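The lines below spell out each chain.
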Amino acid sequence: MKTRVLLLIAIVAGWPTVVGAQHAAPLTPQDSALHVLNRLAYGPRPGEIERVARAGVLRWIDAQLAPDKIDDQIVARREREFDVLKSDRGDLARLYAEVQRARQERKRMGDTAADKPDDSPVALKGRRLAAQFQQLAVVRAALSERQLYEVMVDFWTNHFNVYFAKGADRFLTPDYIEHTIRRHAMGAFEDLLIATAQSPAMLFYLDNWESVAPGATPPQAMRLQARPLFGRRRPLFPPPRDRVPTDSMRQRAPRGINENYARELLELHTLGVDGGYDQHDVIEVARIFTGWSIKRPQQGGDFEFHDWAHDTGDKQVLGVEFARGHGMEEGIRLLKLLANHPATMHHVSRKLCQRFVNDDPPDGCVDDAVAAWQRRHGDIREVLRAIFQGPDFWAATNVRTKVKTPLEFVVSAMRAVVAEPDTSPRLAPDGYPEREDAWVNSAALLERMNAAMALAAGKVQGMTVALDSIDSVADIEALIGAIDDRILGGTMSQNTKQVLTRQLSGISDPMQARALAVGLALGGPEFQRQ
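Just so it is clear, the structure is predicted and the values come from calculations on it, not from any experiment.

(A) Examining the packing of helix H9 (residues 169–184) against helix H10 (residues 189–197) more closely. Where H9 contacts H10, the axes come no closer than 8 Å and their chain directions differ by 165°. One finds that H9 runs roughly antiparallel with respect to H10. At the point where H9 passes H10, the crossing takes the left-handed sense. Residues Tyr176, Thr180, Ile181 and His184 of H9 form the contact with H10, whose own contacting residues are Asp191, Leu192, Ala195 and Thr196.

(B) Broad picture of the packing of helix H17 (residues 342–356) against helix H18 (residues 363–375). At their nearest, the axes of H17 and H18 sit 9 Å apart, and the two run at 125° to each other. Put simply, H17 runs oblique to H18. The interaxial crossing formed by H17 with H18 has right-handed handedness. Along the contact surface, H17 presents Thr344, Met345, His346, Val348, Ser349, Arg350 and Cys353, while H18 presents Cys365, Val366, Ala369, Val370, Trp373 and Gln374. Residues of the contact of H17 with H18, tallied by class, amount to eight nonpolar, four polar and one charged.

(C) Spatial organisation of unusual backbone geometry. Of note in this structure, leucine 318 is not a glycine but carries a positive phi near 55°. Residue leucine 318 is classed as partly exposed on the basis of its relative accessible area of 25%.

(D) Structural context of the packing of aromatic side chains. Inspection of every chain in the model, using the stated rule, returns 14 aromatic pairs. Ring geometry for phenylalanine 289 versus tryptophan 292: centroids 4.8 Å apart, planes at 80°, classification edge-to-face. Summarising the burial analysis for this pair, phenylalanine 289 and tryptophan 292 share the class buried. Aromatic side chains tryptophan 292 and phenylalanine 303 sit 5.4 Å apart centroid to centroid with 65° between the ring planes, which places their arrangement in the edge-to-face category. Of this pair, tryptophan 292 sits in strand E3 (residues 292–294) while phenylalanine 303 sits in strand E4 (residues 303–305), and the two are eleven residues apart along the sequence. Grouping aromatic residues by their ring pairs yields a cluster made of Phe155, Trp156, Phe160, Phe189 and Trp373.

(E) Structural detail: the pattern of salt bridges. Applying the stated criterion across every chain, the model contains 19 salt bridges. The closest approach of N and O atoms between arginine 287 and aspartate 311, which form a salt bridge, is 2.8 Å. Of this pair, arginine 287 sits in helix H15 (residues 279–288) while aspartate 311 sits in the loop between E4 and strand E5 (315–317), and the two are 24 residues apart along the sequence. The class for arginine 287 is buried, based on a relative accessible area of 15%. Each of Arg45, Glu48, Glu145 and Arg415 takes part in salt bridges that share partners, so that together they form one network.

(F) Structural view of the nonpolar core. Residues Met152, Trp156, Phe356, Leu384, Ile387 and Phe388 are the most contacted members of the largest nonpolar core, which totals 133 residues. In terms of residue count, helix H7 (residues 121–143) provides more of this core than any other element does, nine residues in total.

(G) How the structure looks around the environment of glutamine 354. Examined against the element boundaries, glutamine 354 turns out to sit in helix H17. Judged by relative accessible area, glutamine 354 falls into the buried class, the value being 9%. Sequence separation of glutamine 354 and cysteine 365 is eleven residues, and the distance between their C-alpha atoms is 9.4 Å.

(H) Examining helix H4 (residues 57–64) more closely. Taken together, the buried positions of H4 are Val57, Trp60, Ile61 and Gln64. Buried residues of H4 fall within an arc of 100° about the axis and therefore sit on the same side. Contacts from the buried residues of H4 go to helix H2 (29–39), helix H3 (48–55), helix H8 (147–159), helix H19 (380–389) and helix H20 (391–394).

(I) Structural context of the environment of lysine 125. By the secondary structure assignment, lysine 125 is in helix H7. Spatially, the C-alpha atom of lysine 125 lies 8.7 Å from that of leucine 95, the residues being 30 residues apart in sequence.

Here is what the cut-offs are and how they apply
Residues numbered from 1 in each chain as written. Predicted model: local features only at pLDDT ≥ 70, side-chain atom pairs only at ≥ 80, totals over all residues. Heavy atoms only, no water. Axes fitted to C-alpha atoms, helices over the stretch in contact; angles between N-to-C directions. Helix = DSSP H or I, 4+ residues; strand = E, 2+ residues; numbered from the N terminus. Parallel < 35°, antiparallel > 145°, perpendicular 65-115°, else oblique. Left-handed = near helix turned anticlockwise from the far one by under 90°. Contact = heavy atoms within 4.5 Å. Nonpolar A, V, L, I, M, F, W, Y, C, P; charged D, E, K, R; others polar. Buried < 20%, exposed > 50% of the residue type's maximum accessible area, 1.4 Å probe, protein only. Phe/Tyr/Trp six-rings, centres within 6.5 Å; stacked < 30°, edge-to-face > 60°. Salt bridge = Lys/Arg side-chain N within 4 Å of Asp/Glu carboxyl O. Core = buried A, V, L, I, M, F, W, Y, C linked by side-chain atoms within 4.5 Å. Arc of directions from axis to C-beta.

Okay, structure coming up:
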């Protein structure tokens, strides 16, 4: 405890420290800058370590916690190249509906190729926009000055995950990222939780859009206007043969509660698997969210509450009574309760400490984050500030101990060689868990080495690379020193230097030697860790 207090005083006073086995020793300004650029950003660009160290690491952190005040004109200019941002959810919904209609028509006409990829202009446009959306995340992460903000967008995208390739989520996900995740990434957790719960992408992904109270029947007008929804093989509300619903039609009407969202909400989004809930709570939460649904693609695919589908009975979750008669407000009340529950504070704080400090986060880090959550009512910026100002963030046991995720590796390599990506969908890995043992293996590491070599050699299609920060010199020792200083921040081991020396010996072309050395450095062990 005494060490933690002394270290916290030192950090607030302006000098980050690293905890040794026996004592605390201050990090150099350059070491501190490299640490925050690796953890709070997607790695340093050439010269950035020196700039951050000179301006002050803690000042840089404070600036990153206020992203709206950071000029990001380069990214704003690049965003204009992406047509997917020029289409709102309604535009994408109508495009999706058109593709589904064409596919159903091909099936109706007996086209044997109906299940094969559609090469029609509208289908090709849809696939191009989907691919652009994935590449946009990489462009923003690589080029943005608001680095911590982009890191948090990625964190929440994984925490509140939806599956982009599932049906209607092909057109719902871009809006979900832009107007749910990005809008609330640095705000209050309660607001973010409510926004994700009302997101059509989440409602569709976890099937809550078709969760209704048992025996519920849609109004006759809704049944008369029924159309196939989101490309389903049967309509959600089967069209009647006449204007008066028959018993057989009522039997085909939607019925039954879907627990998928309720379970994910409790287990992953809020309380955590050990959060103190049971199966009864899952069922009651599912009952509360009956009627939370989506408008049809032809109507824009927005969130819509169906009061006819809502379970109107009394409910109880975690011992808290939810009296009947409050409709959609029951869900809002529950989400606020969960957002401020002690188990949620601990679960999400632990995940944040896992992301920024260690795969097995220290209890002290989690405690600091929870305390900030309680003081500031779930203000994400203040929770992050508590983590970054805490001694665990700067401890030697937590510095350069995390292996970069595939996305972090790709983007940090791009930043190291000042790569300029185009709008092509070539460099966007899927989301990954925070723990490295979920995705690190020999094959993946070999793939990283190959990718690093191709990137440094300028052989990645749609990517321009600038190695101007590394002098093209014939002196191998000087070349290795420049790479160590400008790409690895002085962390290159003696073993890596010896490997580079052996690999570069006999190469007479300075440009070839530089590309090879940079590629080996990017694929080597020092660059993999942060």
